[in-house]
Amino acid sequence: MKFAILAPGHIAQSMAKAVEGIEKIERYAVASRDLKRAEEFCAQWGFEKAYGSYEEMLKDPEVELVYVASPHSHHYQHAKMCLEHGKHVLVEKAFTINAKQAEDLIQMSRERGLLLAEAIWTRYMPSRNMIDELLKEGVIGEVTSLTANLGYALRRVERLQNPELAGGALLDLGVYPINFALMVFHGEIQNVASTAVLSPKGVDWANSMTLTFEDGKMAILHSNMLALTDRQGVINGENGFIEVQNINNCDEIRVYDAQRNLTARYQVPEQINGYEYEVISCIKAIEAGMVECEEMPHSEILRVMKLMDQMRASWGMQYPGEG
């Protein structure tokens, strides 16, 4: 499958490394607004063609699957361009800036019979199934709550401080604890309580989120772009708890009993860098004629986006052009 990258920035480097090791992927094209940048990326990562225009690359009939790696603020525009040119699309998280944009893209993908997926890598990793199996086995008994956090010291990253680029902690970091919670708890959410510390420019520097589910389960979540956090996810049960070391890219799962004794440790399988799983899922879905990946279906993409819309509304936080 001929694979292309739209917007070869920092995160695209990780994707390029991942697809080096996928047999069914042919590293085909890269498009940047700066042709020299696209050429340098192609030379570094072994892609065949460089384009100095997104439109030009998307007109290439050989391109099959496009990875959109532009800032959040441009995901909608660029994913729409891909679909309009008949390309399958893998969009970097956060999928769009709001649910309305996500709904529009999903409708387009369904009408055109094209795959549209979100590159939220934790949804595709083997660690997700490992956690699911432990919970099914009932190793910690009935689960009623969980906590999860993600934070990095990113104050100097201009993109995250800029509302024009849909900056802030929520779309870049908060999306991970939210997805962690929704992968463990599948019920309907009854109540959402959240608060945020906003920057002078109006983006969230840090946030706290509590999701209460109709079945009585509760998820307490936090993300922060000004400070380093332990990145842990903890799933609490009547007979113990499970610790997930680094919810952003799990490296170990630990199980504790009711006396808080460590009873088991599970290492995740060796990987290229973790990005490969989402691409493999896309290939599988395309070959099956599907327009969504089973690991992150359109319904879950919308669920996450609507949750984040609701939280931002409660903070009075809007991006330029919204509302």
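Along each chain, numbering runs from 1 in the same order as the chain's sequence is written. This being a predicted model, a pLDDT of at least 70 is required before a residue's local features are given, and a value of 80 or more before pairs of side-chain atoms are given or counted; all residues contribute to the totals for chains, interfaces and linings. Each side-chain value is worked out from all heavy atoms of the structure, with water and hydrogens disregarded.

(A) Summary view of the layout of surface pockets. The definitions used throughout rest on a 1 Å grid laid over the protein atoms alone, on which a cavity is an enclosed set of points accommodating a 1.4 Å probe that cannot get out and a pocket is an open set flanked by protein within 12 Å on both sides along at least five of seven lines; lining residues are those having an atom within 4 Å of a point. Grid points are joined across faces, edges and corners, and a volume is the space filled by probe spheres set on the points. Computed from the structure, the largest pocket encloses a volume of approximately 930 Å³. Around the largest pocket, the lining comprises 39 residues; the ones closest to its centre are His 10, Ile 11, Ala 69, Arg 159 and Asp 172. Secondary structure elements with two or more residues in the lining of the largest pocket: helix H1 (10-20), helix H4 (72-84), helix H7 (158-161) and helix H8 (169-184). Counting residues per element, the lining of the largest pocket draws most heavily on H4, at four residues. Amino acids are sorted into nonpolar (Ala, Val, Leu, Ile, Met, Phe, Trp, Tyr, Cys and Pro), charged (Asp, Glu, Lys and Arg) and polar (every other residue, Gly among them). In terms of residue class, the lining of the largest pocket is built from 17 nonpolar, 12 polar and 10 charged. Taken as a whole, the second largest pocket encloses approximately 180 Å³ of empty space. Lining the second largest pocket are Arg 123, Tyr 124, Met 125, Arg 128, Asn 129, Asp 132, Tyr 277, Ile 280, Ser 281, Lys 284 and Glu 295. Among the elements of the structure, helix H6 (126-137) and helix H9 (276-287) are those that each provide at least two residues to the lining of the second largest pocket. Residue contributions to the lining of the second largest pocket peak at four residues, all from H9. Its residues assigned to classes, the lining of the second largest pocket comprises four nonpolar, two polar and five charged. Counting from the N terminus, the helices are DSSP H or I runs at least four residues long and the strands are E runs at least two residues long.

(B) A look at the packing of H4 against helix H5 (residues 99-112). In the contact formed by H4 and H5, the axes pass within 10 Å of each other and the chain directions differ by 10°. Looking at the two axes, H4 sits roughly parallel to H5. Between H4, through Tyr 76, Ala 79, Lys 80, Leu 83 and Glu 84, and H5, the contact on the second element is made entirely by Gln 101, Asp 104, Leu 105, Met 108, Ser 109 and Arg 112. To define axes, lines are fitted to C-alpha atoms, for helices over the stretch in contact only, and angles between the resulting N-to-C directions are given on a 0 to 180 degree scale. Orientation is classified from the angle alone, with under 35 degrees giving roughly parallel, over 145 giving roughly antiparallel, 65 to 115 giving roughly perpendicular, and any other angle giving oblique. The contact criterion used throughout is that any non-hydrogen atoms of two residues lie within 4.5 Å.

Remember that the coordinates give geometry; whether it matters functionally is a separate question.
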